[in-house]
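# Per-entry structural report
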Amino acid sequence: MNKLRKADKSLIKDLNRSTVINAIRRKGPISRTEIAQQTKLGQSTMTKIIDELITLDLVHEKGEANSTGGRKAILLEFNNLFAYAIGIKIMQDHLIFAFTDLQANIIDKREIFYESSSNTSLIINLMIDTIYEFLNDFHIETKNLVGIGIAVSGLVNSKTGMVLRSPLLDWDHIDISQPIKEEFSLPVFIDNDVNAYMLAELEFGYGKTSNQFICISLGDGIGASFVIDNKVYKGEYGGAGEFGHTVINVDGRPCHCGQYGCLETYLSNRALNLNAQEFSARYPKSILNGQNINYETLTLAAREKDEMAFVLFEQVSKYLSVGLINAINSFNPKTIVLIGEALVGKEFFINESIERAKENFFRGSIETKIVTSNLGNDAWVQGAALQAIDMVFQPPIYEEANSLISM
Ligand SMILES: [Zn+2]
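Everything numeric here is computed off the predicted structure, so don't read it as measured data. (Residues numbered from 1 in each chain as written. Predicted model: local features only at pLDDT ≥ 70, side-chain atom pairs only at ≥ 80, totals over all residues. Heavy atoms only, no water.)

On to the overall build of the chain, then. Within the chain one finds 12 helices and 16 strands. Computed over the C-alpha atoms, the radius of gyration of the chain is 24 Å, within 12% of the 22 Å expected from 2.2 N^0.38 for a compact globule of 407 residues. In terms of overall dimensions, the chain has C-alpha extents of about 75 × 55 × 40 Å along its principal axes. By residue count, 51% of the 407 residues in the chain fall in the buried class. With the model as given, the accessible surface of the chain reaches about 20100 Å², and the carbon-plus-sulfur share is 49%. (Helix = DSSP H or I, 4+ residues; strand = E, 2+ residues; numbered from the N terminus. Rg over C-alpha atoms; globule rule 2.2 N^0.38 Å. Buried < 20%, exposed > 50% of the residue type's maximum accessible area, 1.4 Å probe, protein only. Areas by Shrake-Rupley, 256 points an atom, 1.4 Å probe, with all protein chains shown as cover.)

Structure, rendered in structure tokens:
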């Protein structure tokens, strides 16, 4: 476990530096006066830190602020290209890579396909090769990378780097981060994909206006991620957010987790096919009969005005609203943000689900806002990269910190 640093002068200096650098990173371009107001640091301390950051090329001076009559102020902005990060999302049959700057803006993106159920050493080698490609193509060295972040569906212990269980990939106790760490001598982070997405939502999305919210993902699986006081809550072993395995029908369908009637068995892509089986006799002419149904094909059918597609979306709305009510009653969040591939057909189920979910314990007194994420699919890999980026900007309170702040 990480040990806390001794509270001495150098810690205070690093903390002050962290406060200034994060103010410039998050609010920049920003004037010196605004930084002083925000950080409450004394003028001389702040000036000294800013001078150091400029000398180190971490911060640039830029243009002038709009004059409001007084002297024009030079603005400071963070040098996003000071270093880079790599985010990787592991899918069932392909890897998505993003090479990003320090604000997680994507500079380059690549997708590499493999046979699903390939062994993990092949996947690790594909990752290593592609990271070398980025290094070569952008003429940088490993020291220019702050780290590598990986996102994967399933139960991940981000502290140990172990994927404890991923039903989608059929992985059980797999450590894919260690070989990459050894190859590049870089910090490698790994987390559940919804937690990774949540980091992007924190940075670019609802995190800007809310510090207490939940993301629920709908697609191949059903997952969730919780932000409490601006931090992703992971539970003791990294398993917080296995929301798809909350039971909504004790006598329901068998789930791969061993229980019956999990939310996921009614709402995942696979579940849509089971839902369809219950209605196909009533809608023999449906274009969905005989098709592998997922949210995409279901949406296309609904756009063709297929009657069974409407009925299936009605089912989705019914089950989703139960899930939403359970989330609201358990966490009383300010906002629930829906994410994931199911949103392709959101016009067919979101409004109804939200309406139904209003029938929760708090009705009439507290209203939880339910919204869909405004971030696109890139948020998965940006969030993966943010695991590495966020780490270097954390207040340097631990002994073994990988930090741009401690210098
Ligand atoms: Zn389950």
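Following the structure, the description resumes.
A few words on the coordination of the zinc ion. At the metal site, the zinc ion is ligated by His-245 (ND1), Cys-255 (SG), Cys-257 (SG) and Cys-262 (SG), and these contacts range over 2.0 to 2.3 Å. Here the zinc ion is ringed by four donor atoms whose angles at the metal span 104 to 121°, and the overall shape comes out tetrahedral. Sequence positions of the residues that donate to the zinc ion give the spacing H-x9-C-x1-C-x4-C. Here the residue His-245 occupies a position in the loop between strand S14 (231–233) and helix H7 (264–267), and Cys-257 occupies one in the loop between S14 and H7, the gap between them amounting to 12 residues. Judged by relative accessible area, which is 25%, Cys-257 ranks as partly exposed. (Donors = N, O, S within 2.8 Å, 3.2 Å for Na, K, Ca; no water. Tetrahedral: all angles 85-135°; square planar, octahedral: opposite > 155°, others 65-115°.)

The sheet contact formed by strand S8 (residues 155–157) and strand S9 (residues 162–166) spans three bridges and is antiparallel. Looking at the pairing, Val-156 lines up with Val-163 of S9. Taken together, the three bridges between S9 and strand S10 (residues 171–174) define a ladder with antiparallel strand orientation. Counted as the bridge partner of Ser-166 is Trp-171 from S10. A loop of four residues connects S9 with S10, the two strands running antiparallel in sequence, and Asp-170 in this loop sits at a positive phi of about 60°. (Pairing = 2+ DSSP bridges.)

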